[in-house]
Amino acid sequence: MDILSLFVTVPVLTIIALVFTKGLKQARVVSMVGSLIQLVMAINLVFAYFKERALNNSIMVFTKDVVWFKQFNIHYAIGVDGISVALLLLTAIVVLAGVFISWKMAVLPKEFFISLLILATGVYGFFISIDLFTMFVFYEIAVIPMYLLIGIWGSGPKEYSAMKLTLMLMGASAVLLVGVLGIYFNSNADGGALTFNILEIAQVNIPFEAQKLFFPLTFVGFAVLGALFPFHTWSPDGHASAPTAVSMLHAGVLMKLGGYGVFRIAMFLLPEGAMHWSWFFIILAAIGVVYGAFGAIKQTDLKYINAYASVSHLGLVLFALLTLNKIAWNGAILQSLSHGLLTAMFFALIGMVYGRTHTRDIYKLGGLMKILPFIGAIYVITGMAYLGLPGFSGFVAEMNIFVGAFENPNMFNRILTILVVSSIVVTAVYILRLVGKIMMGPLSNDEFKDLPKATWFEKTGILLLLIPIVAMGVAPLWLSDMIFESLEPFIQGVL
Amino acid sequence: MNFTYIILIPLIPLAVFFLLGIFNQKIKPAVSGYIGVAGLLTSGILSFYTAYQYFFVHGKVAGVYQTFVQKTTWMNFTDTLAIDMGVLVDPISVMMLIVVSIISLMVHIYSRGYMKGDEGYTKFFAYLGLFSFSIFGLVLATNLFQIYIFWELVGVSSYLLIGYYYTKPSAVSAAKKAFIVTRFADLGFLIGILIIGYYTGTYDFETLNNPEGSAILNWAATSFMGLSALTWALILIFIGGAGKSAMFPLHIWLPDAMEGPTPVSALIHAATMVVAGVYLVARLFPMYYFIEDGFALNIVAYVGAFSSLFAAIIAITQTDIKRVLAFSTMSQLGYMMLALGVSGYEGHDGLGYMASMFHLFTHAMFKALLFLGAGSVIHAVHSNYLKDMGGLRKYMPITNVTFLIAALSIAGFPLTAGFFSKDEILVAAFEHNKLIYGVGVLVAGLTAFYMFRIYFGIFWGKNTQYKHTPHESPLSMTIPLIILAFLSLFSGFIPFSELVTADRIGFEAHLNYPLAAIAVTVGLIGIGLAWVFYKKENDLSDKFANVFGPFYKWAYHKFYFDEIYMFVTKKILFNGIAGNIAKFDKKIVDGTMEGIGNKTVVVSEKIKGMQSGKVQDYAFAFIAGVVVLAMVFIYLWTN
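On a predicted model such as this, the values are computed, not experimentally measured, just so you know.

(A) Layout of the overall build of chain A. From N to C terminus, chain A includes 22 helices and 2 strands. At 21 Å, chain A has a C-alpha radius of gyration in line with the 23 Å of a compact globule built from 495 residues. In terms of principal-axis extent, the alpha carbons of chain A reach across some 75 × 60 × 45 Å. Across chain A, every contact between residues at least 6 apart in sequence was considered, and the portion connecting residues at least 24 apart equals 81%. Accessible surface for chain A amounts to roughly 15,600 Å². Of this, 69% is attributable to carbon and sulfur atoms. Here chain A holds 27 positive side-chain charges and 24 negative ones, and the gap between their average locations is 12 Å.

Listed below in structure tokens is the structure:
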């Protein structure tokens, strides 16, 4: 088995093993072992990638191609570059942390972990695919378990939220499918055969008219998952109802599929379409950045705050992609990674607070630092990282985006850039308000006096996320170099 | 020469931070205090060693102080544009190392006494370590981005320390306010950095500051709204500096920051962090001076002068001694800014630059002493307010004498440290801008007055009856006071003009006797008035306040700036914009999506009747369909 296919095989084997487990204890141990293997593989892949990259200069390495559906030239084609390697590592970290955070899942634990791992399988498959059709299939595999995970294990108006989330994402998928098929039927523009293979399509000069038509479809199809304004409203409701680990995985990893898809498919395959449309979508993205940040200020539910913060931070990813600048692109990928870790961390912490106090209303919480020193301290650290404090991942990503966006001397772009940069102040406002309200001040409720302290599995989950956040923030060079050299083929298209 | 070891100066406090932060619960308070002091002592010794090596052994080549840089790439943007991390050794960075390590060490020692018995004792020393790391990193920064990085870290340490008593709502909101206001200012700084990076292609101080370098020579190549883009960048960067150094109108966070423990106020909000803005302008001084003939530098001068006067007026009216000192800090920072603003570049012309750095140094000593003395008083009487104090000279002799020395020094009493540095500033202002000189003299008088107002109010004045008899503070607190008092008296004799100058070539500065006489007279008048008003309990001051009536009230309420900011943030930004966005999102954006969903359901309700399951209905539809289609075909066929 090749190094990449294992990323799909191992979760599938874990799922099969889970089918035979009984009770929570067995289920969580099996999931933990499976996810741990996955993480070890992801770390190994990083080293293997560096080794391979030194010898191999092609766009994708570790490629493999198996014909799957001959009639339509559909292949199981896989391969990775620096971007997908980084995102695979992110996925492995967040999945394992999610398993630790769900250590005490009481309701239908077996089914819960199975659904969680199906989701993970879809995500892994998506990141290794280089065949449009296979990619689309994995994409759907990742999105559909969300319905079950929220609908069954969620809280509050869970059926409503699950329905809303699924319908909006399915609607986007429909648009996306049109875009993907549009690309497919234009892949013979230079006289070759029709193909779904991304690398082959990238060589084809798809006519400008077709690019103009299919870019918005593909872009919007993916960007809805990346919380593009005004199609972000599934996210606050969905996150609010989802159980902790699902929120972590969804905001941490699944939403990254949006940005990745935009980059890998819409922008890589339809570069002229991207150049034609970027002015329009960049406005939406910039609005999303500022709008999400302001939207977060007035929310009172911890999860809503985080959902709007995600709209803002993922808006930054889309904004950076649409600047069509290499430095900003680097920042976009770094921001995807950084936001994935940070938002997973936030949702994990919210889950810990909610699990103890049974409320997420910030007006009912207060002074928890004294009772829960570990959770409180981590909450403050995460908040600081989230508002872009140097030394954490967010700063590195944001600075790349800002410097890159500023490279474009066009006045229109400058104004948008300055608007987007100013979101760092608004972010500070809602983060400090949040931290100040729930962690500091006098204890709001005497019943909170005896809340249990953080457990070992919670701490493990947190540290798993915190270590890469700090590593990225302190020594960003290796990671950004890995991503940077993989951006070259992308920049060729928009020059 | 090899300055690699300098990297240890910031890294040792960082190690202390991690050690105390991670093993917070396990380390005994007594031990953690010693760990903190030992860490800073090591950094301090290294700093002094560096200063000796730099100023007296290796630094000077052919009469010019050199810049030594050691750095490594931290983050790449393009092949040429990168963020480096490293250390830069030049006169002002070495001078700042000395300032920071002296004050930080004193505050560490002092805190062992002041914070005794506090439940967060270890955490407190951890935070001090984090702060010391950040400020050392800021001082040693080799480029704009590195200074920005440590700038933010300093900001967060300040946030943590202001909010140290985190169960107190006022401390939490003060911390939040400090962070957000400075963050807003940093937005300007960041955009300034982006502009400089784009137009000059470098962030390095060495390249940017080179008077013959392309950044300075080609400033006219770009223009935006009538000014060079680089001038805009410098103005924006100054906004960042003004935020940290509490210049008008970004000063509002500093008085509230006094919610932090008093040693913190001494370290961060008097001596080190707040001078970062001054340091930043000094760091980029050649750019400020040469680009667009010092347009941005003029702004620095006027903002500094105005802030200085503004703060001095407010300081007279405040009744919380820490707030008086806070406004005094703002006023003295304004002094440093205006000195930079009126400075030239070469030789004696650069007197303002040298005076500003000189004043930064002496001010750090006497202002830290004032704060630590105030802390000693607050420790004894458990109140910040003048009304709860009086007659304390009998109970606290050491605090009394050291506080008096600091007050004399800030008032510019002859031969104290403050006298020399203030005199140089006034001379520089006199030579370049008479208006600013006038403001400077006025502020000198006001400073002497408000400082002796609180001195007399605390140690003389009425004989307050205390519930618990106040007593002198322990040795751990009085020893730093004595050391700082010594420095406040004698650090004025350091020949700054030989060591720290804009063009790196030393010159001889002489006292300008007529100007010094004017400044001293004005200072003495201030002290004399305070003597009359406050030495003995009387109602002269109240009567006097009544004469000024509304103006006094305005000043007492700090000219209502807090209220204005409150209005803008609460009413406009929060309720106006954020609140409406939240509603808009729920009602309009989400409403549209819901609407589409609901319409789909409604339509399907309407048409679901067609799937009736009755064969006759389907047969009817089938035949009707055939008829319609047939008619269409016939129509098409006949045409």
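(B) Main features of the interface of chain B and chain A. Counting residues at the interface gives 49 residues for chain B and 61 residues for chain A. In this assembly, chain B packs against chain A so that about 4,700 Å² is buried in total across both faces, 74% of it on carbon and sulfur atoms. Together, Trp74, Tyr166 and Arg183 of chain B form the three largest contributors to the area buried by chain B at its contact with chain A, with a combined 14%. For the interface between chain B and chain A, the tally reads 1 salt bridge. Put simply, Lys370 of chain A and Glu119 of chain B hold a salt bridge, and the shortest N to O gap is 3.5 Å. For the pair chain B and chain A, the number of links is 9 residue pairs in polar contact (both at pLDDT 80 or more). The greatest single-element share of the side of chain B that touches chain A, amounting to 15 residues, is contributed by helix α25 (residues 561–607) of chain B.

(C) Just the pairing of strand β2 (residues 74–80) of chain A, in detail. All names here are of chain A. With 6 of 7 residues buried, β2 lies mostly within the body of the structure. With 6 bridges connecting them, strand β1 (residues 61–69) and β2 associate as antiparallel partners. By the bridge assignment for β2, Asp65 is matched with Ala77. Taking the residues that link successive antiparallel strands as the turn, the β1-β2 hairpin has 4 residues, and the phi of Asn73 there is positive, at about 60 degrees.

(D) Spotlight on the packing of helix α3 (residues 91–114) of chain B against helix α11 (residues 262–271) of chain B. Residues and elements named next belong to chain B. At a minimum axis distance of 9 Å, the contact between α3 and α11 shows a crossing angle of 165 degrees. What the angle tells us is that α3 and α11 run roughly antiparallel. In this structure, α3 crosses over α11, and the sense of that crossing is right-handed. Listed contacts from α11 to Val99, Ile103, Ser104, Val107, Tyr110, Ser111 and Tyr114 of α3 are Thr262, Pro263, Ala266, Leu267 and Ala271. Among the residues making up the contact of α3 with α11, the classes are represented as 9 nonpolar, 3 polar and no charged.

(E) Highlighting the environment of Phe222 of chain A. Residues and elements named next belong to chain A. For Phe222, the position within the fold is in helix α9 (residues 208–223). Counting along the chain gives 37 residues from Phe222 to Gly259, while the straight-line C-alpha distance between them is 7.0 Å. In contact with Phe222, not counting residues within four places along its chain, are Phe126, Tyr139, Leu176, Leu257, Gly258, Gly261, Val262 and Ile265.

(F) The arrangement of a positive patch on the surface in detail. A contiguous patch of positive charge on the surface is contributed by Lys298 of chain A together with Lys570, Lys583 and Lys587 of chain B. Inspection of the secondary structure puts Lys298 of chain A in the loop between α12 (271–297) and α13 (302–322).

(G) Representation of the UniProt feature "domain: NADH-Ubiquinone oxidoreductase (complex I) chain 5 N-terminal" (unreviewed entry) in chain B in the model. Here, the residues flagged by UniProt with the feature "domain: NADH-Ubiquinone oxidoreductase (complex I) chain 5 N-terminal" (unreviewed entry) are residues 74–125 of chain B. Between the C-alpha atoms that bound residues 74–125 of chain B the distance is 29 Å, and the span itself is 56% helix and 21% strand.

(H) Here's a closer look at the pattern of salt bridges. Considering all chains together, one arrives at 20 salt bridges over all chains under this definition. Of the charged contacts in the structure, one is a salt bridge between Glu485 of chain A and Arg53 of chain A, with a shortest N-O distance of 4.0 Å. With Glu485 of chain A in helix α21 (residues 477–486) and Arg53 of chain A in helix α2 (residues 23–55), this pair connects stretches of sequence that are 432 residues apart. For Arg53 of chain A, a relative accessible area of 14% translates into the label buried. Residue Glu259 of chain B pairs with Lys168 of chain B through a salt bridge whose shortest N-O separation is 3.2 Å. In this pair, Glu259 of chain B is assigned in the loop between α10 (253–256) and α11 and Lys168 of chain B in the loop between α5 (144–162) and α6 (169–200), connecting sequence segments 91 residues apart. Overall, Lys168 of chain B belongs to the partly exposed group, its relative accessible area being 39%.

(I) Summary view of α25 of chain B. The terminal C-alpha atoms of α25 of chain B lie 64 Å apart, and with 47 residues this matches the ideal 69 Å at 1.5 Å per residue to within 8%. By the largest-angle criterion, Gly591 of chain B marks the main kink of α25 of chain B, which is about 45 degrees. Within the span of α25 of chain B, buried status applies to Phe561, Asp562, Ala578, Gly579, Ile581, Ala582, Asp585, Val589 and Asp590 of chain B. Structurally, α25 of chain B contributes buried residues whose contacts are with α7 (158–185), α10 (234–241), α12 and α13 of chain A together with α6 and α14 (295–317) of chain B.

About the criteria used
- Residue indices begin from 1 for each chain and proceed along its sequence in written order.
- Chains carry letters from A onward and ligands carry numbers from 1 onward, assigned in written order.
- Residue-level local features of this predicted model are given only where pLDDT is at least 70; pairs of side-chain atoms are given and counted only at 80 or more, and the full residue set underlies all totals for whole chains, interfaces and linings.
- By convention in this description, side-chain values take in all heavy atoms of the structure and omit both hydrogens and water.
- Counting from the N terminus, the helices are the DSSP runs of H or I reaching at least four residues and the strands are the DSSP runs of E reaching at least two.
- The reference for a compact globule is 2.2 Å times residues^0.38; the radius of gyration itself is calculated from the C-alpha atoms.
- We call two residues contacting when some pair of their heavy atoms lies within 4.5 Å.
- We get accessible surface area from the Shrake-Rupley algorithm with a probe of 1.4 Å; when it comes to residues, only the shown protein chains can shield them.
- In this charge count, Lys and Arg are treated as positive and Asp and Glu as negative; neither His nor the chain ends contribute.
- Taken as the charge location is NZ of Lys, CZ of Arg, CG of Asp or CD of Glu.
- In this description, buried area is defined as the sum, over both parts, of the accessible area (probe of 1.4 Å) that is lost when the two are combined.
- The salt bridge definition used is simple: a Lys or Arg side-chain nitrogen within 4 Å of an Asp or Glu carboxyl oxygen.
- Counting of polar contacts relies on pairs of N or O atoms within 3.5 Å, with two restrictions inside protein: one atom must be capable of donating a hydrogen and the other of accepting it, and residues adjacent in sequence are counted only when both atoms are side-chain atoms.
- Buried residues are those whose accessible area, probed at 1.4 Å on protein chains only, stays under 20% of the maximum for their type, while exposed residues exceed 50% and partly exposed ones sit between those limits.
- A pair of strands is treated as paired once DSSP finds two or more bridges between them.
- Fitting a line to C-alpha atoms yields each axis, with helices limited to the stretch in contact; the angle taken between N-to-C directions then spans 0 to 180 degrees.
- Our angle categories are set so that under 35 degrees counts as roughly parallel, over 145 as roughly antiparallel, 65 to 115 as roughly perpendicular, and the remainder as oblique.
- The hand of a helix crossing depends on one turn: near helix anticlockwise from the far one by less than a right angle means left-handed, and clockwise means right-handed.
- Ten residues, namely Ala, Val, Leu, Ile, Met, Phe, Trp, Tyr, Cys and Pro, are considered nonpolar, four, namely Asp, Glu, Lys and Arg, are considered charged, and the remaining ones, Gly among them, are considered polar.
- Two distance rules govern patches: like charges are joined within 9 Å, and nonpolar side chains (Val, Leu, Ile, Met, Phe, Trp, Tyr) within 5 Å, applied only to residues with over 30% relative accessible area and no salt bridge.
- UniProt positions are given in the numbering used here, feature names are shortened, and annotations may be inferred rather than shown by experiment.
- Each helix should span, by expectation, one fewer than its residue count multiplied by 1.5 Å.
- Consider a residue and the seven residues that end there alongside the seven that start there; fitting an axis to each set, the bend is the angle between those axes.

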